[in-house]
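Structural description and commentary
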Amino acid sequence: MRQMEQDVSSSLDGSSSSSSSSSSPSLHRSLSPPHRHHVLRRTAATAAATSPKRRPSCLQSSSSDESASSSSSSSSTIDCLVVGGGISGATLAHNLFYGDDDGNGGGLDVLLTESRSYLGGNVQSTLHADADGSFLFENGPNSFATQPSVVRISHQLNIQDQLVFADESLPPWVNHHGKLHPLPKGKGGKGARGQLELLFGSNGILKFGLTGDLLSWPGKIRAAVGALAGHAPPPADGTEETIRDWVTRILGEEVFARIIDPFVSGVYAGDPSTLSMKAALPKIARIEEYSYDIEWNKFGAIFYGGLARQVELTKERKADPPKPEWVEFEYGNPGSYKNGLSTLPKAIEKELGDRVKLEWTLTRVSRIDPSRPSLGYLASFSTPTGPQTVRAKSVVSTLPAHAADSVFEPVLPASPALFSRVRDAVNRRGIYYPPVAAVTLAYPRSSFRDVDLPNDFGKLSSLPGFGLLHPRSEGIRTLGTLWSSSLFPGRCPDDYHILLNYIGGSRDPAIGTMKEEDIVRAVDEDLRKVLLKRDAKEPKVLGVKVWPTAIPQYELGHLEIMTELEEMEKTAEGLWICGNYRSGVAFPDCVTFGYEQAKVVREFLETRTKV
């Protein structure tokens with residue numbers, strides 16, 4: 001259960017657009033942690049190139065690619081061009097500039113471009129002040145599942161004193177039949193103590209199974225059989241399973257409908273009947289492989305595979321512990337910064353200075369000289385001051401898939417067809433990004449129902465938890481509600497609560513065309529069914545942000561597209577087509593990508609220099 005919670009719920013919050021035009025708030029993350037980083041062509045870390053830190057000297061105004069190519073000298077070619085200033089692109093640019101953990105191997109001549117007027121993609125922290133006080137809220141992801149990559153970069157940027165962490169003991173809640181049910185959670189204990197709390201504590205797995213009423217007894221028995229005794233094997237013909245296929249095969253329909261479906265709605269705003277299990281939730285899917293690797297576990301009982309993975313993960317963390325100078329943290333604990341998640345991209349923008357170019361939209365990437373690939377690439381941009389071109393030894397794109405199809409056609413001729421491929425199994429063309437609205441409302445504490453919550457969590461009116469998810473069967477349109485001011489106290493006046501609500505997604509695309517006042521009304525009506533008194537005052541509307549192309553959907557056939565893209569990249573050395581549709585949608589996935597991909601780029605540049 002803990003592994004499931006970490007891999008699923010943390011994506012709920014974390015991701016940001018890595019592109020100049022995409023958006024992916026990757027819903028709720030207050031509900032725990034994810035970890036998926038497919039680092040592109042990952043290799044062992046090597047000594048990095050040591051070019052001195054300098055101002056970018058590669059920019060050229062140009063009316064055509066040809067004129068720029070003929071007039072630029074080789075000395076004006078930068079080391080790396082990073083396209084897209086979301087969290088992925090911004091953290092990559094930082095790591096190329098800064099170097100490794102000790103600041104070695106940095107100083108690369110890097111340029112970061114972004115088509116918006118700010119860095120951070122969907123990370124938008126906003127401070128609202130009125131007669132009632134100040135309210136700090138997010139228009140995209142609400143927090144991150146703390147991982148070493150986030151703490152590392154915060155230390156490097158001298159913002160680790162701004163880090164804030166939530167109370168680990170507060171659980172995520174699920175709405176079922178008008179009642180709130182806490183999912184199993186420890187009390188914040190560390191090591192073996194934490195595991196015992198998760199199993200036997202007042203809100204542990206044992207109590208959830210014996211006295212909790214989110215699942216019926218037939219549902220509990222079915223789940224227990226799959227977890228402890230065994231389950232049907234995966235399809236013998238290798239058929240790709242959806243999340244729904246996988247979960248119902250192993251744990252049963254009830255666990256899927258009441259627990260997994262609402263979490264998946266939070267992570268991807270997606271449909272688990274079309275999302276690929278191995279693509280969307282690879283770490284959970286691999287637990288089944290761990291289960292069958294245990295010789296005596298003939299029927300693949302998944303609980304034992306989860307234990308095996310937990311033991312392995314503990315060893316990995318001991319082998320590569322956090323640096324002693326970093327702030328103390330707990331893996332997977334929800335975190336943010338005192339002034340919101342925008343603290344990170346703002347610090348990177350300050351660090352990089354004029355190496356950041358805002359409102360630059362990439363229009364074309366070609367070879368500087370097709371007959372001499374080693375010369376690198378020529379990138380053309382539309383900018384507020386007119387066309388610009390950049391010469392670069394290497395290029396990393398973090399554009400969303402729908403913005404990258406034709407841009408790279410001169411160097412990757414098959415890319416438009418790949419990014420617009422029709423997949424009949426899910427009735428999609430290309431990679432789908434459904435619309436999602438982030439609606440932030442504030443209510444007086446007196447507006448919330450005065451009822452007792454189970455497992456000694458006290459009154460509902462105190463909102464003791466991360467947030468609330470809704471199974472689709474409950475007739476609630478809102479996907480989930482984060483209790484933002486409970487996660488991070490001090491973000492609003494003491495007599496208020498801030499609720500960040502996500503609504504829309506692949507099963508409710510109409511949100512993308514609704515008026516803001518209608519979206520607010522729909523969310524408010526849902527809240528009055530579950531959290532609020534019927535006569536509660538109208539909400540204070542802090543923010544309504546509709547992301548028209550929000551979270552990339554890792555649907556059936558996604559891995560095949562990614563495999564072909566990786567093969568395609570091999571024909572264009574020094575060019576990487578990345579993004580959260582490839583390396584994970586959660587905030588820490590994006591930060592980890594920036595750290596790991598920088599190693600790949602530095603090694604390429606070092607090898608190129610030697611040649």
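Quick caveat, the model's predicted, so the values are computed rather than measured.

1. Quick look at the overall build of the chain
- A tally of regular secondary structure across the chain gives 21 helices and 22 strands.
- For the chain, the residues scored as buried account for 62% of the 611 residues in total.
- Contacts in the chain between residues far apart in sequence, at least 24 positions, make up 74% of those at least 6 positions apart.
- Split by element, the accessible area of the chain, about 23000 Å² in all, is 53% carbon and sulfur.

2. A word on the nonpolar core
- With 42 residues, the main nonpolar core has Ile243, Ile259, Ile260 and Tyr268 as its most contacted residues.
- For this core, the elements supplying multiple residues, two or more each, are helix H8 (217–229), helix H9 (243–250), helix H10 (253–268), helix H11 (277–280), helix H12 (282–293), strand S17 (436–444), strand S19 (478–483) and strand S20 (496–504).
- Sort the elements by how many residues they give to this core and H10 lands first, with 8 residues.
- Ignoring anything within four residues of it in the chain, the contact list for Ile259 reads Leu183, Phe208, Leu214, Leu215 and Glu254.
- Core analysis: the next-biggest nonpolar cluster, separate from the first, contains 38 residues, Leu119, Leu163, Val356 and Cys590 among them.

3. Quick look at the sheet that holds strand S18 (residues 467–469)
- Pairing is mixed across the open sheet formed by 7 strands, whose spatial order is S9-S8-S18-S19-S20-S17-S21. Unpaired on one side and paired on the other, strand S9 (179–182) and strand S21 (540–547) mark the two borders of the sheet. Each neighbouring strand pair of the sheet contributes to a mean axis angle of 25°, computed without reference to strand direction.
- As paired strands, S18 and S19 are joined by 3 bridges and run antiparallel to one another. Note that in S19 the partner of Gly467 across the bridge is Leu482.
- Most of the contacts of helix H18 (residues 516–530) go to S17, to which it runs at about 55°, and overall it touches strand S8 (172–176), S9, S17, S18, S19, S20 and S21.

4. What to know about the environment of Ile87
- Locating Ile87 in the fold gives a position in helix H4 (residues 87–98).
- Sequence separation between Ile87 and Cys590 is 503 residues; the distance between their C-alpha atoms is 5.9 Å.

5. Notes on unusual backbone geometry
- Unlike most non-glycine residues, His177 shows phi in positive territory, near 55°.
- Turning to its location among the elements, His177 is positioned in the loop between S8 and S9.
- Given the relative accessible area of 64%, His177 is considered exposed.
- Despite not being glycine, Asn427 shows a phi value in the positive range, around 55°.

6. Considerations on the sheet that holds strand S6 (residues 144–145)
- Pairing is antiparallel across the open sheet formed by 3 strands, whose spatial order is S6-S10-S7. Whereas interior strands pair on both sides, the edge strands pair on one side only; in this sheet they are S6 and strand S7 (163–165).
- The pairing of S6 with strand S10 (residues 334–337) spans 2 bridges and is classified as antiparallel. Paired with Ala145 across the two strands is Pro334, which belongs to S10.

7. Examining the confidence of the model for the chain
- Residues at a pLDDT of 70 or more form 86% of the chain, whose mean pLDDT is 87.
- Here residues 1–55 is modelled with pLDDT under 50, and outside its nearest four sequence neighbours on either side it reaches 287 contacts, counting other chains as well.

8. Some remarks on the packing of H9 against H10
- The interhelical angle for the contact between H9 and H10, taken along N-to-C directions, is 145°, at an axis separation of 9 Å. Judged by the twist between their axes, the crossing of H9 over H10 is right-handed. Between H9, through Ile243, Arg244, Val247 and Thr248, and H10, the contact on the second element is made entirely by Glu253, Val255, Phe256, Ile260 and Val264.
- Taken together, the residues that form the contact of H9 with H10 break down as 6 nonpolar, 1 polar and 2 charged.

9. Here's the deal with the pattern of salt bridges
- In total, this model carries 24 salt bridges according to the counting rule given.
- Residue Arg421 is joined to Glu560 by a salt bridge in which the shortest nitrogen-to-oxygen separation is 3.8 Å. Linking Arg421 in the loop between helix H16 (415–419) and strand S15 (422–423) with Glu560 in helix H19 (residues 558–569), this pair joins segments that are 139 residues apart in sequence.

10. So, a nonpolar patch on the surface
- Nonpolar side chains collect at one region of the surface, where Leu196, Leu199, Phe200, Leu206, Leu210, Trp217, Ile221 and Val225 lie side by side and expose about 800 Å² of accessible area between them.
- Counting residues per element, the ones that place at least two in the nonpolar patch are helix H6 (191–200), helix H7 (205–210) and H8.
- In this fold, Leu206 is placed in helix H7.

11. Re the side chain of Asn297
- Among the secondary structure elements, Asn297 is positioned in the loop between H12 and helix H13 (302–319).
- At 3.1 Å, the side chain of Asn297 forms a polar contact with the backbone oxygen of Ser291.
- Apart from residues lying up to four places away in sequence, Asn297 is in contact with Ser291, Tyr292 and Tyr304.

12. Quick look at the side chain of Ser336
- As for its position among the elements, Ser336 is in strand S10.
- Here Arg491 takes part through its side chain, which lies 3.1 Å from a polar atom of the side chain of Ser336.
- Ignoring anything within four residues of it in the chain, the contact list for Ser336 reads Glu138, Asn142, Phe144, Gln162, Leu163, Val164, Leu341, Phe488 and Arg491.

13. Some words on the environment of Ala536
- One can find Ala536 in the loop between H18 and S21.
- On the basis of relative accessibility, which here comes to 11%, the residue Ala536 falls in the buried class.
- Here the alpha-carbon distance between Ala536 and Tyr443, two residues 93 residues apart in the chain, equals 8.3 Å.
- Not counting chain neighbours up to four residues away, the residues in contact with Ala536 comprise Ser447 and Arg528.

Parameters and conventions
Residues numbered from 1 in each chain as written. Predicted model: local features only at pLDDT ≥ 70, side-chain atom pairs only at ≥ 80, totals over all residues. Heavy atoms only, no water. Helix = DSSP H or I, 4+ residues; strand = E, 2+ residues; numbered from the N terminus. Buried < 20%, exposed > 50% of the residue type's maximum accessible area, 1.4 Å probe, protein only. Contact = heavy atoms within 4.5 Å. Areas by Shrake-Rupley, 256 points an atom, 1.4 Å probe, with all protein chains shown as cover. Core = buried A, V, L, I, M, F, W, Y, C linked by side-chain atoms within 4.5 Å. Pairing = 2+ DSSP bridges. Axes fitted to C-alpha atoms, helices over the stretch in contact; angles between N-to-C directions. pLDDT = per-residue confidence, 0-100. Left-handed = near helix turned anticlockwise from the far one by under 90°. Nonpolar A, V, L, I, M, F, W, Y, C, P; charged D, E, K, R; others polar. Salt bridge = Lys/Arg side-chain N within 4 Å of Asp/Glu carboxyl O. Patch = residues over 30% accessible without salt bridge, like charges linked within 9 Å, V, L, I, M, F, W, Y side chains within 5 Å. Polar contact = N/O pair within 3.5 Å; in protein donor to acceptor, adjacent residues only side chain to side chain.

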